[in-house]
Amino acid sequence: MLERAGVPAVSICTDAFVVSARAMAGVYGMPDFEFVTIPHPIASLDPGAIDANVRRAIPDVVRILTGTP
Amino acid sequence: MTELPQVDIDEVRRVMEDYAERGWTDGLPVMPVTESVLDEFLALTDLPPEEVLLAMPHLDRACTVRTAAINAAMAGCLPEYFPVVLAAWRALDLEGYVGRAIWQSTTGTAPMLLVNGPVRERIGLNSQGNVFGSGFRANATIGRAIRLTAINAFGLRPHELDQATQGNPAKYTACIAENEEQSAWPAFHVEHGFDAHASTVTAMTMRSVVHIEARHTTVPEQLALDLADTIRRTGALIHETISACVALGPEHAELFAGAGWSKDDLRRFVFEHALNLRATLAAVGKDAVSGQTRWRLSSAHADAVPDSVADQDQVKVLGSEQALQIVVAGAHNSGVSAVIETFGPRGGPPAIAPVEPAAAPASA
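A quick note: this is a predicted structure, and the numbers were derived from the prediction, not measured.

**Description of the overall build of chain B**
Here's step 1: When you go through chain B residue by residue, the secondary structure sums to eleven helices and 14 strands.
Here's step 2: Expressed along its principal axes, the backbone C-alpha trace of chain B runs to roughly 70 × 50 × 40 Å.
Here's step 3: Within chain B, the proportion of its 364 residues that are buried is 45%.
Here's step 4: Long-range contacts, defined here as pairs at least 24 residues apart, represent 79% of the contacts in chain B between residues at least 6 apart.

**Focus: the overall build of chain A**
Here's step 1: A tally of helices and strands in chain A yields two helices and two strands.
Here's step 2: If one aligns the C-alpha atoms of chain A with their principal axes, the spans along those axes are about 35 × 25 × 20 Å.
Here's step 3: The buried share among the 69 residues of chain A stands at 1%.
Here's step 4: The long-range share in chain A, meaning contacts at least 24 apart out of those at least 6 apart in sequence, stands at 58%.

**Concerning the interface of chain B and chain A**
Here's step 1: Listed by partner, the interface residues are six residues for chain B and seven residues for chain A.
Here's step 2: Among the residues forming the side of chain B that touches chain A, the class breakdown is three nonpolar, two polar and one charged.

**Some thoughts on the pairing of strand E13 (residues 336-342) of chain B**
Residue and element names in this part refer to chain B.
Here's step 1: Burial within E13 is extensive, with six of its seven residues counted as buried.
Here's step 2: With seven bridges connecting them, strand E5 (residues 200-213) and E13 associate as antiparallel partners. In the strand pairing of E13, Glu 213 is matched with Val 336.
Here's step 3: Examined bridge by bridge, strand E6 (residues 243-248) and E13 share five bridges and lie antiparallel to one another.

**Details of the sheet that holds strand E10 (residues 304-305) of chain B**
All names here are of chain B.
Here's step 1: With antiparallel pairing, the three strands of this open sheet are ordered in space as E9-E8-E10. The open sheet is flanked by strand E9 (296-297) and E10, the only strands paired with a single partner.
Here's step 2: In this structure, strand E8 (residues 288-290) lies alongside E10, joined through two bridges in antiparallel fashion. Residue Val 289 lies in a different strand from E10, and its bridge partner there is Val 305.

**A closer look at the nonpolar core**
Here's step 1: In this structure, B:Ala72, B:Val84, B:Val85 and B:Ala88 are the most contacted members of the largest nonpolar core, which totals 106 residues.
Here's step 2: Excluding anything up to four places from it in sequence, B:Ala88 contacts B:Leu113, B:Ile142, B:Ile146, B:Val201 and B:Ala203.

**Things to note about unusual backbone geometry**
Here's step 1: The peptide bond linking A:His40 to A:Pro41 adopts the cis configuration, its omega dihedral lying at 0°.
Here's step 2: Mapped onto the elements of the fold, A:Pro41 is located in the loop between strand E2 (35-38) and helix H2 (47-66).
Here's step 3: The residue B:Asn130 is not glycine, and still its phi comes out positive at about 65°.
Here's step 4: When you line up the elements, B:Asn130 lands in the loop between helix H5 (119-123) and helix H6 (137-152).
Here's step 5: Of note, B:Arg294 is a non-glycine position whose phi angle comes to about 65°, a positive value.
Here's step 6: With respect to the helices, strands and loops of the structure, B:Arg294 is situated in the loop between E8 and E9.

**Here's the deal with the packing of helix H4 (residues 82-95) of chain B against H6(B)**
Residues and elements named next belong to chain B.
Here's step 1: Contact geometry for H4 and H6: axes closest at 10 Å, N-to-C directions at 50°. Judged by the angle between their axes, H4 and H6 are oblique. You can see that H4 and H6 cross each other, and the crossing is right-handed. Where H4 approaches H6, its residues Val 84, Val 85 and Ala 88 are matched on the opposing element by Ile 142, Ala 145 and Ile 146.
Here's step 2: Here the residues of the contact of H4 with H6 sort into six nonpolar, no polar and no charged.

**As for H2(A)**
All names here are of chain A.
Here's step 1: For H2, which comprises 20 residues, the first-to-last C-alpha distance of 28 Å matches the rise-based estimate of 28 Å (1.5 Å per residue) to within 8%.
Here's step 2: The sharpest bend along H2 measures roughly 40° and falls at Ala 57, with the proline Pro 59 sitting one to four residues further on.
Here's step 3: Across the 20 residues that make up H2, only a small minority, zero, are buried.
Here's step 4: In the segment just after H2, Gly 67 is the residue with positive phi, at about 70°.

**Digging into the confidence of the model for chain B**
Here's step 1: When pLDDT is averaged along chain B, the result is 95; 98% of the residues meet or exceed 70.
Here's step 2: Across the whole predicted complex the pTM is 0.94, and at the interface the ipTM reaches 0.81.

**A word on the packing of helix H2 (residues 35-42) of chain B against helix H3 (residues 65-75) of chain B**
Residues and elements named next belong to chain B.
Here's step 1: Running from N to C, H2 and H3 cross one another at 110°; their axes reach a closest spacing of 9 Å. With respect to their mutual orientation, H2 and H3 come out roughly perpendicular. By crossing handedness, the relation of H2 to H3 is classed as right-handed. Here H2 contributes Val 37, Leu 38, Phe 41 and Leu 42 to the contact with H3, which in turn contributes Ala 69, Ile 70, Ala 72 and Ala 73.
Here's step 2: Its residues assigned to classes, the contact of H2 with H3 shows eight nonpolar, no polar and no charged.

**Some thoughts on helix H1 (residues 9-21) of chain B**
Residue and element names in this part refer to chain B.
Here's step 1: The end-to-end C-alpha distance of H1, which contains 13 residues, comes to 18 Å, matching closely the 18 Å that a straight helix rising 1.5 Å per residue would cover.
Here's step 2: Judged by how many residues are buried, H1 sits mostly at the surface: zero of 13 residues are covered.
Here's step 3: Following H1 by one or two positions, Gly 23 adopts a phi angle in the positive range, close to 80°.

Cut-offs and rules
- Each chain carries its own residue numbering, running from 1 in the written order of its sequence.
- Lettering of chains starts at A and numbering of ligands starts at 1, both following the order in which they are written.
- The predicted origin of the model limits local features to residues at a pLDDT of at least 70 and limits the giving and counting of side-chain atom pairs to 80 or more, whereas totals for whole chains, interfaces and linings rest on all residues.
- Helix and strand definitions follow DSSP, with helices as H or I runs of at least four residues and strands as E runs of at least two, each counted in order from the N terminus.
- Any residue surrounded by 20 or more other C-beta atoms within 10 Å of its C-beta is treated as buried, while 12 or fewer makes it exposed and the intermediate range makes it partly exposed; C-beta atoms here are placed from the backbone.
- Note on contacts: residues are paired as contacts if their backbone-placed C-beta atoms lie within 7 Å.
- Throughout, the ten residues Ala, Val, Leu, Ile, Met, Phe, Trp, Tyr, Cys and Pro are labelled nonpolar, Asp, Glu, Lys and Arg are labelled charged, and all others, Gly among them, are labelled polar.
- A pair of strands is considered paired only if DSSP assigns at least 2 bridges between the two.
- Here, a nonpolar core means buried Ala, Val, Leu, Ile, Met, Phe, Trp, Tyr and Cys residues linked by C-beta atoms lying within 7 Å of one another.
- Comment: axis = line fitted to C-alpha atoms, over the contacting stretch for helices; angle = value between 0 and 180 degrees taken between N-to-C directions.
- Oblique is the label for every angle not falling under 35 degrees (roughly parallel), over 145 degrees (roughly antiparallel), or within 65 to 115 degrees (roughly perpendicular).
- Each crossing gets its hand from how the near helix is turned against the far one by less than a right angle, where anticlockwise is left-handed and clockwise is right-handed.
- In a helix, the anticipated span is given by 1.5 Å times the number of residues less one.
- What the bend at a residue measures is the angle between two axes, fitted to the seven residues ending there and to the seven starting there.
- Across the chain, each position has a pLDDT score giving the predictor's confidence in that residue, from 0 to 100.

Given below as structure tokens:
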């Protein structure tokens, strides 16, 4: 939605939700929409583990936002 | 020997297999639908075929009268069930959670339909023995009509847009009728302002049906405490509070009514007693709520904020008396009841829609 409005955006989901995320992207007419995936689960992690996941995801987030291959 | 109609079974089978291959099914065989079959359903409502019954804006998809009819026919409904299916969609729309993607949630809820009024007898809806079980075409196919529409009109297939972690058996079908005839209390729809001669469908979003054995007692307080204990179980708590619908077997309903309890008396008692000690909540790590989501979590969690009754040692699970509904269903043959664990409005009136058959039947 943000991308359609001209705002660069990146969606992050855990690997457990990749199939649903692709299905939703298909519904919105963007079947090739790229997601950043992080390991499942999130809800039961402590702050340290969340931080580690975020650090690992940042390069992918930057790559998708800036469009660098 | 019984004379069966002569048909080319290979042709019928080919059509059914084609439907299955296209994914137009819940896994069980579905009935093929032709325009002429569809016309029989549409003839029983005054609504135009293109009228939207329920929309899911986030998917840009909607269920119309026509798609509801196609899926009702595929589910095995007789045309005369269709006004009940339409009322079910009205009630689901009114309930509100369905249009907001609850059927895609990991929680894995299913729609639970409750039918009241004369239509029950007219179309053979079971309200007595095995009420949550199989064996009755109207119950089985009306509930299934909703599920097939979710799959075919909204595309909510498992492993795709339906993210349910486990789901529950009611995702095949869940439609019960109230046993008004063996209840001493006013029928559910009458309690909520409808005429006794009206027929209605109430929609709930359910997580599970929990069975209660209480064949041992004639003391209303004991039975009500058994109900309250089932409702308050900590495993049901994701949000701060919950909602529930007690489906009393007629014997249990009679026990309460015979002791002079009204539905409101029972509701009040269960509301007061469906509670956990704070230590019980702490033991399972649910003694506080998240400041972000208001979901229950441990007070030791980084996001924890006190719940709304943090000054109290006894924590009620129902936010209000209205978060508990009471119906009577099942056979009058034992001290068995159930708690339908619902998900959705935790207070306020239930989602009830009237059954509205066509004003002038096509055959007239």
